[in-house]
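Architecture and fold: a report
Listed below, chain by chain, are the residues.
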Amino acid sequence: MDTTKIIDSLTSNHLVSDTLHLHQVNTIKDSISNTQDVFNSAFTKDAVNNLWPALEVTVKGMGGIFIFMVIFFFIIQGLDKLFPKKEEN
Amino acid sequence: MDGLFVGLLQMTWQQAVMICIGGLLIYLAIAKEYEPALLLPIGFGAILANIPLSAAIDQFTGGVHTEGALTYFFKVGILTEVFPLLIFVAVGAMIDFSPLFKNPMLLLFGAAAQFGIFFTMSAATVFGFSLKQAASIGIIGAADGPTSIYVASRFAKDLLGPISVAAYSYMALVPIIQPPVIRALTTKAERRIRMEGSAHSVSRTTLILFPIIVTVMAGIIAPSSVALIGFLMFGNLIRECGVLNKLSLAAQNELASLVTLLLGISIAATMTADKFLKVDTMIIIGLGLFAFIFDTAGGVLFAKFLNLFVKKKINPMVGAAGISAFPMSARVIHNMGQKEDQFNYLLMHAVSANVAGQIGSVIAGGLILALVI
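All of the points below concern the structure found in this document. Just so it is clear, the model here is predicted, and its values are computed rather than measured.

1. Let's talk about the overall build of chain B
- Within chain B, the regular secondary structure consists of 21 helices and 2 strands.
- Whereas a compact globule of 373 residues would reach a radius of gyration of roughly 21 Å, chain B reaches 21 Å, a difference of no more than 12%.
- For chain B, the spread of C-alpha atoms along the principal axes amounts to about 80 × 45 × 40 Å.
- With 373 residues in all, chain B has 58% of them scored as buried.
- When contacts within chain B are restricted to residue pairs at least 6 apart in sequence, long-range pairs at least 24 apart make up 73% of them.

2. Side note on helix 9 (residues 131-138) of chain B
- Summarising burial for helix 9 of chain B: 7 of the 8 residues are buried, a large majority.
- Of the positions making up helix 9 of chain B, those classed as buried are Leu 131, Gln 133, Ala 134, Ala 135, Ser 136, Ile 137 and Gly 138 of chain B.
- Residues of helix 9 of chain B that are buried in the fold lie against helix 3 (45-82) of chain A together with helix 8 (115-126), helix 10 (145-155), helix 11 (160-172), helix 18 (279-307) and helix 21 (347-371) of chain B.

3. A closer look at the interface of chain B and chain A
- Counting residues at the interface gives 49 residues for chain B and 42 residues for chain A.
- Only strand 1 (59-61), helix 7 (107-112), helix 8, helix 9, helix 14 (204-221), helix 18 and helix 21 of chain B provide two or more residues apiece to the side of chain B that touches chain A.
- The dominant element in the side of chain B that touches chain A, judged by the number of residues it contributes, is helix 14 of chain B, at 8 residues.
- For the side of chain B that touches chain A, the class distribution of residues is 31 nonpolar, 15 polar and 3 charged.

4. Some remarks on the packing of helix 3 of chain A against helix 14 of chain B
- Direction vectors running N to C along helix 3 of chain A and helix 14 of chain B enclose 145°, while the axes themselves pass 10 Å from each other. Crossing of helix 3 of chain A over helix 14 of chain B shows right-handed handedness. Between helix 3 of chain A, through Phe 68, Ile 71, Phe 72, Ile 75, Leu 79 and Asp 80 of chain A, and helix 14 of chain B, the contact on the second element is made entirely by Thr 206, Leu 209, Phe 210, Ile 213, Val 214, Met 217 and Ala 218 of chain B.
- Looking at the contact of helix 3 of chain A with helix 14 of chain B residue by residue, the classes come out as 11 nonpolar, 1 polar and 1 charged.

Basis of the calculations
- Residues numbered from 1 in each chain as written.
- Chains lettered and ligands numbered in written order.
- Predicted model: local features only at pLDDT ≥ 70, side-chain atom pairs only at ≥ 80, totals over all residues.
- Helix = DSSP H or I, 4+ residues; strand = E, 2+ residues; numbered from the N terminus.
- Rg over C-alpha atoms; globule rule 2.2 N^0.38 Å.
- Buried ≥ 20, exposed ≤ 12 C-beta atoms within 10 Å, placed from the backbone.
- Contact = placed C-beta atoms within 7 Å.
- Nonpolar A, V, L, I, M, F, W, Y, C, P; charged D, E, K, R; others polar.
- Axes fitted to C-alpha atoms, helices over the stretch in contact; angles between N-to-C directions.
- Left-handed = near helix turned anticlockwise from the far one by under 90°.

Okay, here's the thing in structure tokens:
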């Protein structure tokens, strides 16, 4: 049986009427609905559709990091040639 | 008399579980010394946030809104991104780039070992998370707490609690996570490869100009990364300029300690039972481990790939140090190298890759902010 419906019926029957209790009931309802959301949406068509933009970000992201690192490599090489460390003695 | 027990009467089992989780985090921080500077405040904050009717967090009682200190810290410190950015200043002041300058080729490992971030992000979407939530989960693989918190505070505020706990817990568990992955992907002969040291030294001008040029270049290419990289490099400039020693020491010690304390306890404001005790949390913690494993694999496999082309072979274990967990990962690699061959000194190379990983993780964070819309 749907737990959310049980809680809804409890609430509507004023078995739990205090506002603090209501807050807790809402908390439990949120928790249950979130749990159901995860179970409902995992491996669904929507989730798999979301995979394509994620793969696109993966390719661009990894490419971007390597490009940054290559640029930093040349910055280091350039700086090292322009400003070599002078011998202490 | 009822008034005295109002807290007890309002206690839910979820809150009791969260108080136990807080206790567990405190235990891990003290007894196991797992990232104590962060896990202890997070653990204690979790207890504060889950005591029934706690005045430490915002409450809605009888239609009246009462502000709590932890929620306030969270709003002013994390939602505004101030705390993570201040931590970046402190981290920047702690980083010494000179080992990296001796062998800049190792910068590439700082890129390869971010693979786990993106791989995990893709995996998280299949579990039903939105792209922004998935990106925030993937960034656990940055092995860099402030970057994880920074990205999650932009993209998935509700997931900040589990993401922070996972990020800091796995950083502490690097000595346990990395060795089996490295052993599985390398042969004994590869682990025994010796690498030559470099006596090359770097001028002060180079060390001063590097953070400035990197900030400008990174800012021009990916403006959304400016805050992340800029604050890190600002901290490093304070360190290298040579005229702000007091500020540099203050950033490395007092600033780092104070902001870490506030950061940890503020994150706990999100660790209320309703937000933390969810299946999502378990999945996030599982995916976080996945991210660390694939980061390590990415670094090792990239080193093996490079070895196909270079004359001077690279010990593939050094690739695994390309994650940002500094200096723990470098130490793990050095110790593994010494176990295989007691005269193999990989520490300097592993430290270089580890420093590259610190840059790489921040760049990854900036790119994710730029690419995920």
